[in-house]
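Overview (structure and organization)
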Amino acid sequence: MPKETILNEIIIGYRNLIKDRYQYHLLKKKYDFPDTINQDIVNDIKNYFLTYVYPDLEKRATLNEAFSTLDDFIKHPEKLLNLVLDSFQLIFTHGKHLPKIFNAGLKAMKSFRGATKFESALVTKAIQKKIEPPYSTEKINALIQFLPYKEIEEFMKNTETFFNIIYDKELVEKIKEIIAFLISKMKKKQKVFSKKEIIGLELALETITKGEEMLNKLNQKDQEILIDFVLQIEKDHIHKIFSK
């Protein structure tokens, strides 16, 4: 069976797993969270994951093509950093903190790219273990069991890093400012930067912005509770798989 077919089937299976995991009525019985974190908020989290972290097959090709350009930026940050350091406006505004803000932005991009790596690892295990589609919840969980725990911990850490970045209002506003600046500069240098690279940064900006908007529906204390709540759900799911 072609690798691409297996990947598509795993994407479908993992999306179903997310839908099952974030059912409000089940979570409410298991976790003690305030009434402010209601069904709408839980649906927001679920839809955010399904839109930006584990998108459907129709959107996946577009996102993967665009986000693949972010990998190059993450590996070679100097390509973008040089644009940032050439800006008198940004240097004047952020001074010596500019490289730190820039690196935080790269960390955010790296964290939501981690999901692709995780899915690819599941595909590899499916091929090695000859586990064929369709991929039910049970099959997806079985594939996760075959992964080295270190890889899963890295994926979990990426999720935590991303939420902690978008929780920091001051930092996230600076990151958005820098990404918007980079997009503007790149559009003026289209002989140097491809349209695909520009779209990649635009999608990164959208992902960060939508995550921030989701958190901003809650007060600061409930944002902390929500982040802890999401991380606990993910950790509990992994613990349940490996304790079988």
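Below you will find a few notes about this structure. Everything numeric here is computed off the predicted structure, so don't read it as measured data.

Examining the overall build of the protein chain
If you tally the helices and strands in the protein chain, you get twelve helices and zero strands. The linear arrangement of helices and strands in the protein chain, starting from the amino end, is α-α-α-α-α-α-α-α-α-α-α-α. Taken over the C-alpha trace, the protein chain has a radius of gyration of 19 Å; the compact-globule value for 244 residues is 18 Å, and the two agree within 12%. The C-alpha extent of the protein chain, read off along each of the three principal axes, is 55 × 45 × 30 Å. When burial is assessed residue by residue, the protein chain has 47% of its 244 residues classed as buried.

Some points on the packing of helix α7 (residues 98-128) against helix α8 (residues 137-146)
At a minimum axis separation of 9 Å, α7 and α8 run at an interaxial angle of 95 degrees. In terms of orientation, α7 and α8 fall into the roughly perpendicular class. Along its contact with α7, which presents Phe118, Leu122, Lys125 and Ala126, the element α8 presents Leu143, Ile144 and Phe146. Here the contact of α7 with α8 is built from residues that sort into six nonpolar, no polar and one charged.

Structural notes on the packing of helix α5 (residues 78-85) against helix α10 (residues 169-187)
α10 packs onto α5 with a crossing angle of 95 degrees between their chain directions and a minimal axis gap of 10 Å. When the interaxial angle is binned, α5 and α10 end up roughly perpendicular. Of α10, the residues touching α5 (which contributes Leu80, Leu83 and Val84) are Ile178, Phe181, Leu182, Lys185 and Met186. Within the contact of α5 with α10, the residues separate by chemical class into seven nonpolar, no polar and one charged.

Examining the pattern of salt bridges
Under the counting rule described, the total for this entry stands at nine salt bridges. The salt bridge partner of Lys117 is Glu154, with a shortest N-O separation of 3.5 Å. Here the residue Lys117 occupies a position in helix α7, and Glu154 occupies one in helix α9 (residues 149-167), the gap between them amounting to 37 residues. The exposed category is assigned to Lys117, whose relative accessible area is 53%. Across the pair Glu173 and Lys176 runs a salt bridge whose closest N-O atoms are separated by 3.3 Å. You can see Glu173 and its partner Lys176 sitting in helix α10, three residues apart, about one turn around the helix. Residues participating in the shared-partner salt-bridge network are Glu173, Lys176 and Glu212.

What about helix α1 (residues 3-21)?
The end-to-end C-alpha distance of α1 is 27 Å, a good match for the 27 Å that 19 residues give at a rise of 1.5 Å each. Restricting attention to buried positions, one finds in α1 the residues Ile6, Ile10, Ile11, Gly13, Tyr14, Arg15, Leu17, Ile18 and Arg21.

Description of the nonpolar core
Counting residues in hydrophobic clusters, the biggest one holds 79 residues, and the most contacted among them are Tyr14 and Phe229. At 14 residues, the largest contribution of residues to this core is made by α7. Not counting chain neighbours up to four residues away, the residues in contact with Phe229 comprise Leu27, Tyr31, Phe33, Ile37 and Val42.

The rules behind the values
- Residues numbered from 1 in each chain as written.
- Predicted model: local features only at pLDDT ≥ 70, side-chain atom pairs only at ≥ 80, totals over all residues.
- Heavy atoms only, no water.
- Helix = DSSP H or I, 4+ residues; strand = E, 2+ residues; numbered from the N terminus.
- Rg over C-alpha atoms; globule rule 2.2 N^0.38 Å.
- Buried < 20%, exposed > 50% of the residue type's maximum accessible area, 1.4 Å probe, protein only.
- Axes fitted to C-alpha atoms, helices over the stretch in contact; angles between N-to-C directions.
- Parallel < 35°, antiparallel > 145°, perpendicular 65-115°, else oblique.
- Contact = heavy atoms within 4.5 Å.
- Nonpolar A, V, L, I, M, F, W, Y, C, P; charged D, E, K, R; others polar.
- Salt bridge = Lys/Arg side-chain N within 4 Å of Asp/Glu carboxyl O.
- Expected span 1.5 Å × (residues − 1).
- Core = buried A, V, L, I, M, F, W, Y, C linked by side-chain atoms within 4.5 Å.

Function cannot be read off these values alone, since they describe shape.
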